[in-house]
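Single-letter residue listing:
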Amino acid sequence: MDAPGPWGSGPFTLVEGFSSWEAEIAIIEAEPFTCTWLPTNLPRSDRVVLEANPDHWNKERGPRLEKVVFRNDVGPAEALGLVCDAEGEVDIVTEVSPADAGRVRDSDHANLVTIDAMRVVSGLINRNSAPLDDVRVRKALNLAVDRDRLVREVFFGYAHPVAAMAPPYSWESPDDLEPYPHDPEEGKRLLAEAGWPPDRALRLATTGDVEAVARYLAESFGESLGIGVDLVTIPDENLVAAQRALVEKKLPVPFDVLVHAWFDLAAGYPPAVIHREYFHSGGAFRAGPVLPEFEDLMGRSVVETDPEKLGDLGKELDRLVYDEALNVFLCCPQALVAVNKHVDFTGHAATLELAETEVDEGHWSRRGGG
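Residues numbered from 1 in each chain as written. Predicted model: local features only at pLDDT ≥ 70, side-chain atom pairs only at ≥ 80, totals over all residues. Heavy atoms only, no water.

Draft legend 1. Region of the structure containing the pattern of salt bridges. Inspection of the entire model under this criterion finds 27 salt bridges. One salt bridge connects Lys 250 with Glu 248, and the closest N-O pair in it is separated by 3.9 Å. Among the residues examined, Glu 248 registers a relative accessible area of 14% and is labelled buried. In this structure, a network of salt bridges that share partners links the residues Asp 134, Arg 136, Glu 186, Arg 189 and Glu 193. (Salt bridge = Lys/Arg side-chain N within 4 Å of Asp/Glu carboxyl O. Buried < 20%, exposed > 50% of the residue type's maximum accessible area, 1.4 Å probe, protein only.)

Listed below in structure tokens is the structure:
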């Protein structure tokens, strides 16, 4: 949206400002033509104002607010202070850091809303060459990680350990699948059995947003498996170029494991957005050969219309990914939102929606006839 609307038929209408998205194309395959879009910029005005759409079809749902103002001129730290320590400036702050959750919980003005979001953090494994093309090595990397400790120390408890790539609360997560145990001795045995070179350091890469996870993994791999780890953080200014290299697959991948965060925007069928992007022949993040069994399962899921059968296919996909240890499976972080105590906010697993949001009589906008 690069100009005021009205846009669409949703519960709100854009009346001031803009929030847009700039991207460039990255070609995955020429024949058949397959591509994805790489975000390069997110231009937005200092204020984006939405007003209630009185013609919205679902009146039971909302909207329940007359106006919503997004303030893009306030940084995360300042916004958190305004919702926790004062009233009248900011009512909702999204994407609160787990490290700041305690401040929100202790606030006199705000509540912490936790959402089991459709997002996952994992280690993307480069399976293009030895020794990472050996499933024993990939399983060893998974056995090196204490996921409970990761959740406790890096995410301050605001995450769920995950067995594979499907969030454990999604309907495609197999009921009988448990996360790889933390078993350093078995990991060392598998690594030795696979012939990991004694002087070979693991090349671990990360982006800035998940650097704390990467540092935890580097420590885990070193302590649990007794191998060296070379950790490289990709600077923000090099991120688009690095993403293009990964997506277009024209150059050798310069890492063994890339710590990576991803999400399911639709929340309807995680394999379509999560598993597909990592492991399908047309997946943007695939860093290894195509697996025929995965292609077959994904192809069947594309044409399946029966919800129960579709769920079963999703479980098969997640189990296959687990058995082959295609990634280093880590956790699903919760989305954390700081909300004014007089605001009734409904969190959603995949998107930020405000149709059901409302304020009570104690809200600053309603006190004293304001």
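There's plenty left to go through after this.
Draft legend 2. Expanded view of the packing of aromatic side chains. Counted according to the given criterion, the structure contains seven aromatic pairs. Relative to Phe 329, the ring of Tyr 180 has its centre 6.3 Å away and its plane inclined at 20°; by these criteria the two rings are stacked. With Tyr 180 in the loop between strand S9 (159-161) and helix H5 (184-194) and Phe 329 in strand S13 (residues 327-333), this pair connects stretches of sequence that are 149 residues apart. When the ring of Tyr 278 is compared with that of Phe 285, the centres are 5.4 Å apart and the planes differ by 50°; the resulting orientation is tilted. Considered together, Tyr 278 and Phe 285 belong to a single accessibility category, that of buried residues. An aromatic cluster is built from Trp 262, Phe 263, Tyr 278, Phe 279, Phe 285 and Phe 294, whose rings are joined through pairwise contacts. (Phe/Tyr/Trp six-rings, centres within 6.5 Å; stacked < 30°, edge-to-face > 60°. Helix = DSSP H or I, 4+ residues; strand = E, 2+ residues; numbered from the N terminus.)

Draft legend 3. Geometry of the UniProt feature "domain: Solute-binding protein family" (unreviewed entry) in the chain. UniProt annotation of "domain: Solute-binding protein family" (unreviewed entry) refers to residues 44-263 when read in the numbering used here. As annotated, residues 44-263 has a helix share of 30% and a strand share of 22%, and its two end C-alpha atoms lie 22 Å apart. (UniProt positions renumbered as here; feature names shortened; annotations may be inferred.)

Draft legend 4. Broad picture of the sheet that holds strand S7 (residues 110-115). Spatial strand order, S6-S14-S7: three strands in an open sheet with antiparallel pairing. With partners counted over all chains shown, the strands left at the sheet margins are strand S6 (92-93) and S7, one partner each. Two elements, S6 and strand S14 (residues 335-340), share two bridges in a ladder whose sense is antiparallel. Within S14, the residue paired with Val 93 across the bridge is Ala 338. (Pairing = 2+ DSSP bridges.)

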